[in-house]
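Now for the letters of each chain:
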Amino acid sequence: GIFLFTKSLLELSLPYSFGVSGIYWLTLFNGSFEDPLNAIYYINTHGVIFILQLIDCYCSTYQLRYGVGSLVILIMASVAAGWMWLFEELKLVNPFTNESQLYSIFNWHNDTIQSAIIYCIAIVIILIVYWFIVFTKNIALIHWKMKRQSNNQQLSADDHNFSTDDEDIPDQDV
C-alpha cells in the first residue's frame, strides 16, 4: 500500500531531481549569477531541493535499486535531449536568452557531435554519482539493520535472564 507508493515516489523523484541538478551544474552554470535573486532561485531549484531529497533518502528505511533510478535518469536525459533538439528544429526562441538554443552550451543544430559528447559525459557522471549515492545509502541501511538486529537479540537474551521467582529476589531491609 502506502509503503510501496512512497518508496516508488522516492525511487522516481530522487534520480530525476539529481539529474536536473546535475545537468544544470555540470553543463549550464556559467560560474556566476546575474544578481542575488537569480542566485537564490538557481541555488534553491538546482541544489537545496535535491539536498533535502537526499537527506530524506538517507533517513528513510527504503532500500533503493540501481536499475529503477538509472532508468529514470536515462529516460529523463533522452526526453530532455529530444526536447532541446526539437526546440532548435522548430526554431523556437528562448525567452530568457533570445537565442534559438534552449541552453547555450548545447547547439544540436550546428554542432550535434559536440553537444552529444558533452551531454553523454554529463549523463555518465550523473549515473556514477547516483550509483554511489545508492551504494552508500544501501550500505548505511544494511549497517542499521544489522545493528538493530543485534540490539534486538541482546534484548531477547536479557529477557531470558529475568526471573520472577521469589527465591531470586534478594531480601530487602525495610
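Residues numbered from 1 in each chain as written. Predicted model: local features only at pLDDT ≥ 70, side-chain atom pairs only at ≥ 80, totals over all residues. Heavy atoms only, no water.

A closer look at the pattern of salt bridges
The condition is simple: One side-chain nitrogen of Lys or Arg within 4 Å of one carboxyl oxygen of Asp or Glu is enough to make a salt bridge. A helix here means a DSSP run of H or I that spans at least four residues, while a strand means a run of E at least two residues long, and both kinds are numbered starting from the N terminus. For every residue, the accessible area obtained with a 1.4 Å probe (protein chains only) is divided by the maximum for its type, and the residue is called buried under 20%, exposed over 50%, and partly exposed between those limits.
Within this structure, the stated rule accounts for one salt bridge. The partner of Glu11 in a salt bridge is Arg65, with the nearest N and O atoms 2.7 Å apart. In this pair, Glu11 is assigned in helix H1 (residues 2-28) and Arg65 in the loop between helix H2 (36-59) and helix H3 (66-89), connecting sequence segments 54 residues apart. Accessibility expressed as a relative area gives 4% for Glu11, which makes it buried. What makes Arg65 partly exposed here is its relative accessible area of 46%.

Here we look at unusual backbone geometry
The phi torsion at Lys91 lies on the positive side, around 55°, for a residue other than glycine. Among the structural elements, Lys91 can be located in the loop between H3 and helix H4 (112-160). Residue classification places Lys91 among the exposed residues on the basis of a relative accessible area of 62%.

Side note on the side chain of Asn94
Put simply, the rule reads: N or O atoms closer than or at 3.5 Å make up a polar contact, with two conditions inside protein: a donor-capable atom paired with an acceptor-capable one, and, for residues adjacent in sequence, both atoms drawn from side chains.
As for its placement among the helices and strands, Asn94 is situated in the loop between H3 and H4. A relative accessible area of 6% places Asn94 in the buried class. Within the structure, the side chain of Asn94 is placed 2.7 Å from the backbone oxygen of Leu102, a separation counted as a polar contact.

Notes on the packing of H1 against H2
The angle between the axes and the distance between the axes are what describe a pair of packed helices. Applied cut-off: In this description, a line fitted to the C-alpha atoms serves as the axis of each element, helices being fitted only across the stretch in contact, and the angle between N-to-C directions of two axes falls anywhere from 0 to 180 degrees. Here is the rule for handedness: rotate from the far helix to the near one, and if that takes an anticlockwise turn smaller than a right angle the crossing is left-handed, while a clockwise turn gives right-handed. Any pair of residues with heavy atoms lying within 4.5 Å of one another is described as a contacting pair. Amino acids outside the nonpolar list (Ala, Val, Leu, Ile, Met, Phe, Trp, Tyr, Cys, Pro) and the charged list (Asp, Glu, Lys, Arg) are all regarded as polar, and Gly is one of them.
For the pair H1 and H2, the least separation of the axes is 9 Å and the interaxial angle reads 145°. The element H1 and its partner H2 pack so that their crossing is left-handed. Taken together, the residues of H2 that come into contact with H1 (itself represented by Leu10, Ser13, Leu14, Ser17, Phe18, Val20, Ser21, Tyr24 and Trp25) are Tyr42, Ile43, His46, Gly47, Ile49, Phe50, Gln53, Leu54, Asp56 and Cys57. Classifying every residue of the contact of H1 with H2 by side-chain character gives twelve nonpolar, six polar and one charged.

Some remarks on the packing of aromatic side chains
Our working definition: Side-chain rings of Phe, Tyr and Trp (the six-membered ring for Trp) are treated as a pair once their centres are within 6.5 Å; stacked means planes under 30 degrees apart, edge-to-face means over 60, and tilted covers the remaining angles.
Taken as a whole and assessed by the stated rule, the structure comprises eleven aromatic pairs. With a centroid separation of 6.0 Å and an interplanar angle of 50°, the aromatic rings of Tyr24 and Phe29 are classed as tilted. Pairing Phe106 with Trp108 gives two aromatic rings, centres 5.9 Å apart and planes at 20°, and the pair type is stacked. The exposure classification of Phe106 matches that of Trp108, with both residues buried.

Here we look at a nonpolar patch on the surface
We count it as follows: Residues form patches when they are more than 30% accessible in relative terms and have no salt bridge. Like charges link within 9 Å. Nonpolar side chains (Val, Leu, Ile, Met, Phe, Trp, Tyr) link within 5 Å. The accessible surface values rely on the Shrake-Rupley method and a 1.4 Å probe; as for residues, cover is taken only from the protein chains in view.
Residues Tyr66, Val124, Ile128, Trp131, Phe135, Ile139, Ile142 and Met146 make up a contiguous nonpolar surface patch of roughly 770 Å² in combined accessible area. With seven residues, H4 is the single largest residue contributor to the nonpolar patch. The topology assignment puts Ile139 in helix H4. Note on Ile139: relative accessible area 44%, which makes it partly exposed.

Topic: the confidence of the model for the protein
Keep this limit in mind: Each residue carries a pLDDT score, the predictor's confidence in it, ranging from 0 to 100.
Summarising the model, the protein shows a mean pLDDT of 81, and 89% of its residues fall at 70 or more. Per-residue pLDDT, averaged within each element of the protein, yields its smallest value for H1 (81) and its largest for H3 (89). Throughout residues 162-174 the model reports pLDDT below 50, and contacts reaching past four residues in sequence, or to other chains, amount to one contact.

As for H3
The cut-off we apply is this: Multiply 1.5 Å by the residue count of a helix minus one, and that product is the helix's expected span.
With 24 residues, H3 ought to run about 34 Å at 1.5 Å a step, and its terminal C-alpha atoms sit 34 Å apart, in line with that. Gly69, Ser70, Val72, Ile73, Met76, Ala77, Ala81, Met84, Phe87 and Glu88 are the residues of H3 that are buried. Looking one or two residues past H3, Lys91 carries a phi angle of roughly 55°, positive in sign.

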